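Now for the letters of each chain:
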Amino acid sequence: ADLAAMATYLLGEPEPPVKPIVPAKVSAKISESGQRTYFAVCAGCHGMEGEGLPHVAVPLRTNSSLRLPSPRGFLTPVMHGITEQHFPGLERMQAMPGFAATLSDQEIADLATWMRATWGGQGAQISTTEVAQLRRQ
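Thresholds, definitions, all that
- Residues numbered from 1 in each chain as written.
- Predicted model: local features only at pLDDT ≥ 70, side-chain atom pairs only at ≥ 80, totals over all residues.
- Heavy atoms only, no water.
- 1 Å grid on protein atoms, 1.4 Å probe; cavity = no way out; pocket = protein on both sides within 12 Å on 5 of 7 lines; lining within 4 Å.
- Points joined across faces, edges and corners; volume = space filled by probe spheres on them.
- Helix = DSSP H or I, 4+ residues; strand = E, 2+ residues; numbered from the N terminus.
- Nonpolar A, V, L, I, M, F, W, Y, C, P; charged D, E, K, R; others polar.
- Axes fitted to C-alpha atoms, helices over the stretch in contact; angles between N-to-C directions.
- Parallel < 35°, antiparallel > 145°, perpendicular 65-115°, else oblique.
- Left-handed = near helix turned anticlockwise from the far one by under 90°.
- Contact = heavy atoms within 4.5 Å.
- Salt bridge = Lys/Arg side-chain N within 4 Å of Asp/Glu carboxyl O.
- Buried < 20%, exposed > 50% of the residue type's maximum accessible area, 1.4 Å probe, protein only.
- Core = buried A, V, L, I, M, F, W, Y, C linked by side-chain atoms within 4.5 Å.

**Thoughts on the layout of surface pockets**
Okay, so step 1: Put simply, the largest pocket is a space of about 360 Å³.
Okay, so step 2: What lines the largest pocket is a set of 23 residues, among which His46, Val58, Leu60, Ile82 and Met96 lie closest to the centre.
Okay, so step 3: For the lining of the largest pocket, the elements supplying multiple residues, two or more each, are helix H2 (28-46), helix H3 (72-80) and helix H4 (105-120).
Okay, so step 4: Grouping the amino acids of the lining of the largest pocket by side-chain chemistry returns 18 nonpolar, five polar and no charged.

Have a look at this one:
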């Protein structure tokens, strides 16, 4: 027991098993609109399947902001952008523009709903009211 406790202390706890994301269902209209917006403005940097591009843009398929109950952590960078980031080991991420001036509340709501459902397993539809409130902040 002592050896096991020392090993745990030195090596840490085993990683918990990864739970696969089960895509949630959204209407065909929202899915079509969200996909169209993704391919038009996001896929160039984040990849056609949300895989990301090293040293350019983070993967969205595995992005934790899509799995959170609140959509705010995803909507904020979509609307207002993110500055260029530098990480340890010469890793970096290019700046991401905000799309508040180029996408409507409906386009952003459909994009967020589709991405959160597809890659985050979150079935709640994002409303244009939520997007409009965030736009004003």
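**Overview of the packing of H3 against helix H5 (residues 128-136)**
Okay, so step 1: One can describe the packing of H3 onto H5 by two numbers: an axis separation of 10 Å at closest approach and a directional angle of 60°. As summarised for this structure, H3 and H5 are arranged oblique, according to the angle between their axes. In this structure, H3 crosses over H5, and the sense of that crossing is right-handed. For the pair H3 and H5, contact is made by Arg72, Leu75, Thr76, Met79 and His80 and by Val131, Leu134 and Arg135, respectively.
Okay, so step 2: Looking at the contact of H3 with H5, its residues break down into four nonpolar, two polar and two charged.

**A look at the pattern of salt bridges**
Okay, so step 1: Scanning the entire structure with this criterion turns up four salt bridges.
Okay, so step 2: Glu49 serves as the salt-bridge partner of Arg61, at 3.1 Å between the closest nitrogen and oxygen. Here Arg61, found in the loop between H2 and H3, pairs with Glu49, found in the loop between H2 and H3; they are twelve residues apart in sequence, far enough to count as distant.
Okay, so step 3: Given a relative accessible area of 38%, Arg61 falls into the partly exposed group.

**With respect to the environment of Met48**
Okay, so step 1: As for its placement among the helices and strands, Met48 is situated in the loop between H2 and H3.
Okay, so step 2: Met48 sits 18 residues away from Leu66 along the chain, and the two C-alpha atoms are 17 Å apart.
Okay, so step 3: When neighbours within four sequence positions are excluded, Met48 is seen to be in contact with Tyr38, Phe39 and Ala43.

**A few points about the nonpolar core**
A general feature of soluble globular proteins is that nonpolar side chains tend to end up buried together.
Okay, so step 1: Formed by 22 residues in total, the largest nonpolar core has its most connected members in Tyr38, Leu75, Ile108, Met115, Trp119 and Val131.
Okay, so step 2: If you list the elements that add at least two residues to this core, you get H2, H3, H4 and H5.

**Some points on the packing of H3 against H4**
Okay, so step 1: For the pair H3 and H4, interaxial distance at closest approach is 11 Å and the crossing angle is 135°. When the axis of H3 is compared with that of H4, the two are oblique. Between H3 and H4 lies a crossing of right-handed hand. Of the residues in H4, those in contact with Phe74, Leu75, Val78 and Met79 of H3 are Ile108, Leu111, Ala112 and Met115.
Okay, so step 2: Here the contact of H3 with H4 is composed, by residue class, of eight nonpolar, no polar and no charged.

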